[in-house]
Amino acid sequence: MMNTNPMRNELLTHWRQEWQKHLTHELLPFWTSRTADYEHGGFITHFNQFGEDSGEDEKSLIAQTRSIYTYASAHRAGYGNGELAKLARHGVDYLLTHMWDHENGGFYWMANRKGDVLNDQKIVYGQSFAIYCLSEYTLATGDTRGVEYAQKVFDLLQKYASDTCYGGYFEMFYRDWTLKGPGSGGGDRKTLDAHMHLMEAYTTLYECTRQPIHRRKLLEIIELLVHKIMHPVYGTGVPQFWANWEVAPQIKFDIIWGWDRFTEDGSKQSADDNTSYGHNAEFAWLLLHALDVLDIPHETYRDQLLKSFSHAVDYGVDWTFGGIFVEGSHSGEVYDREKEFWQQAEVLIGFLDAWRIFGDEKYGKAYENVHRFVMDNMINHSAGEWWPLMTRQGVPIWTHMSHSWKINYHTVRSVIQSIKRIDRLLAIE
């Protein structure tokens with residue numbers, strides 16, 4: 001049946017216009033005008049609040065792969081008139097030349113700007129983004145180098161990282177794929193973060209190859225996420241586990257990829273009972289996307305999807321100042337009321353998906369709340385990118401526009417995917 005609500009359609013159209021203007025006049029130009037390193041290859045990824053190169057001499061696996069994904073996916077979505085495909089190829093050339101370990105396989109964690117390896121460890125979180133971006137790159141451009149190396153990494157993970165006793169994947173390895181030690185080394189832990197992004201990566205790999213082995217491993221990791229990693233009562237994400245999937249107190253690893261709220265000794269307040277509203281919404285929409293690629297009805301996981309989305313709406317949305325909080329307890333208490341860029345980005349996509357599949361107006365109201373907070377507060381319009389972290393009221397705490405972790409992947413993807421979902425809501429329901 002056609003959507004015939006004129007007021008709703010007018011609002012959806014207004015949101016779409018805001019996103020389209022932001023994407024094409026601010027967000028993509030911020031990145032395309034300054035990131036390509038034409039001297040050494042790859043991308044420069046450290047910029048201050050004014051968009052100026054802040055000078056850090058590093059090129060991380062995360063920042064390089066996420067940038068490749070951003071340009072490839074935006075090209076596949078129809079933006080850039082071919083220039084984004086060229087940027088993606090530029091990034092792939094650097095990644096395969098400077099960050100691939102020809103002796104042991106896999107990608108190094110960190111290089112300097114010239115491409116000299118600074119950290120040769122193999123971190124599964126980073127390998128997952130290599131699979132993700134290289135699969136997307138082949139889908140976007142037809143260059144088969146992408147899927148060739150994506151499959152190589154996939155095979156390495158099955159050989160070295162797969163836990164054939166308890167399921168899932170170990171995550172922290174030395175260069176030769178020897179598992180790192182316990183504690184801050186991370187060798188005895190498994191995380192929601194890595195496994196969620198492996199689902200994301202395997203989804204795009206399977207979309208690219210349609211190989212039965214990739215489908216089977218994607219189905220395995222979905223089942224693991226739903227039945228081991230999500231809270232058995234609340235359906236919310238649990239951050240860290242021991243190898244046997246018993247819940248482990250959340251600690252800071254030697255190699256981290258985010259700015260989590262840890263104390264100086266590496267511990268965390270409420271380490272045994274915390275969940276991220278952004279992760280829960282991100283997991284749910286990534287699961288929906290995986291099911292679409294697998295051609296499995298979303299009703300198969302309706303209970304899980306409903307729990308993930310509703311927890312974020314019922315407890316995470318700030319109805320006073322706007323936006324989504326950082327994290328809280330599984331049962332609902334909010335611990336961290338600051339506003340971080342990536343949580344906003346992910347719930348925007350998630351709330352639109354939830355609105356469409358469940359038809360509950362609370363998701364539309366929640367989307368509108370976060371949309372306005374982002375558009376009016378979180379976007380640094382003078383530069384074009386989003387502030388990384390703000391107070392609850394919307395005052396910037398951190399002011400850099402980019403570094404090895406805070407890059408273009410969440411923001412650009414959020415806008416492109418939000419536009420796609422708004423278009424679906426405007427069309428036939």
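Everything here concerns the structure above.
Residues numbered from 1 in each chain as written. Predicted model: local features only at pLDDT ≥ 70, side-chain atom pairs only at ≥ 80, totals over all residues. Heavy atoms only, no water.

Chemist: Any chance you could explain the packing of aromatic side chains here in plain terms?
Modeler: Two measures describe an aromatic ring pair: the distance that separates the ring centres and the angle between the ring planes. Using the criterion set out here, one finds 24 aromatic pairs in the structure. Summarising the aromatic geometry, the rings of Trp100 and Tyr149 are spaced 5.0 Å apart at their centres and angled 85 degrees between planes, so their arrangement reads as edge-to-face. Residue Trp100 is located in the loop between helix H3 (83–99) and strand S2 (110–111), and its partner Tyr149 is located in helix H5 (residues 145–161); the two are separated by 49 residues in the primary sequence. Per residue, the accessibility class of Trp100 equals that of Tyr149, and both read buried. Seen in terms of ring centroids, Tyr125 and Phe129 are 5.3 Å apart; in terms of plane orientation they differ by 55 degrees. Their pairing is tilted. Linking Tyr125 with Phe129, this pair stays in helix H4 (residues 124–141), spanning four residues, or about one helical turn. (Phe/Tyr/Trp six-rings, centres within 6.5 Å; stacked < 30°, edge-to-face > 60°. Helix = DSSP H or I, 4+ residues; strand = E, 2+ residues; numbered from the N terminus. Buried < 20%, exposed > 50% of the residue type's maximum accessible area, 1.4 Å probe, protein only.)

Chemist: Got a minute to help me understand the pattern of salt bridges in this structure?
Modeler: Note that side chains of opposite charge can pair when their charged atoms are close. Scanning the entire structure with this criterion turns up 28 salt bridges. Taking the shortest distance from any N to any O, the salt bridge between Glu18 and Arg372 comes out at 2.9 Å. Of the two residues, Glu18 sits in helix H1 (residues 6–32) while Arg372 sits in helix H11 (residues 361–378), which places them 354 residues apart along the sequence. The exposure class assigned to Glu18 is buried, which follows from its relative accessible area of 16%. According to the relative accessible area criterion, Arg372 is partly exposed, its value standing at 26%. Residue Asp353 pairs with Arg356 through a salt bridge whose shortest N-O separation is 3.4 Å. Linking Asp353 with Arg356, this pair stays in helix H10 (residues 341–358), spanning three residues, or about one helical turn. Its relative accessible area of 24% is what places Arg356 among the partly exposed residues. (Salt bridge = Lys/Arg side-chain N within 4 Å of Asp/Glu carboxyl O.)

Chemist: Hey, could you run me through the packing of helix H8 (residues 277–294) against H10 in this one?
Modeler: Close contact between H8 and H10 brings their axes to 8 Å; oriented N to C, the two are set at 50 degrees. What the angle tells us is that H8 and H10 run oblique. Handedness of the crossing formed by H8 with H10: left-handed. Across from Tyr277, Gly278, His279, Ala281, Glu282, Trp285 and Leu288 in H8, the residues of H10 making contact are Trp342, Gln343, Glu346, Val347, Ile349, Gly350, Asp353 and Ile357. Class assignment of the residues belonging to the contact of H8 with H10 gives a composition of eight nonpolar, four polar and three charged. (Axes fitted to C-alpha atoms, helices over the stretch in contact; angles between N-to-C directions. Parallel < 35°, antiparallel > 145°, perpendicular 65-115°, else oblique. Left-handed = near helix turned anticlockwise from the far one by under 90°. Contact = heavy atoms within 4.5 Å. Nonpolar A, V, L, I, M, F, W, Y, C, P; charged D, E, K, R; others polar.)

Chemist: Please explain the state of the cysteines as it appears in this structure.
Modeler: Covalent bonding between the sulfur atoms of two cysteines is what defines a disulfide. The tally for this structure, following the rule as stated, stands at zero disulfides. Of all cysteine sulfurs, the one in Cys208 lies closest to Cys133, which takes part in no disulfide; the gap is 12 Å. On the accessibility criterion, Cys133 (0% relative accessible area) is buried. (Disulfide = S-S within 2.5 Å.)

Chemist: Just to check I follow, could you spell out H10 for this structure?
Modeler: Residue pairs three or four apart in sequence face the same way in an α-helix, which turns once every 3.6 residues. Taking 1.5 Å as the rise per residue, H10 with 18 residues should run 26 Å; its terminal C-alpha atoms sit 26 Å apart, in good agreement. For H10, the buried fraction is high: 17 of the 18 residues fall into the buried class. Backbone geometry just after H10 places Gly359 at a positive phi near 70 degrees. (Expected span 1.5 Å × (residues − 1).)

Chemist: Mind showing me how you'd approach the environment of Asp273 here?
Modeler: Note on placement: Asp273 falls in the loop between strand S7 (240–242) and strand S8 (275–276). Residues contacting Asp273, with those up to four places away along its chain left out, are Gly328, Ser329, His330 and Tyr335. In terms of polar contacts, Asp273 uses its side chain to reach the backbone amide nitrogen of His330, at 3.2 Å. (Polar contact = N/O pair within 3.5 Å; in protein donor to acceptor, adjacent residues only side chain to side chain.)

Chemist: Hey, could you run me through the environment of Glu368 in this one?
Modeler: Within the secondary structure layout, Glu368 lies in helix H11. As for Glu368 and Phe325, which are separated by 43 residues in sequence, their C-alpha atoms are 15 Å apart. Residues within four places of Glu368 in sequence aside, it is in contact with Leu11 and Trp15.

From the geometry alone we can't say anything about function, so treat these as descriptive.
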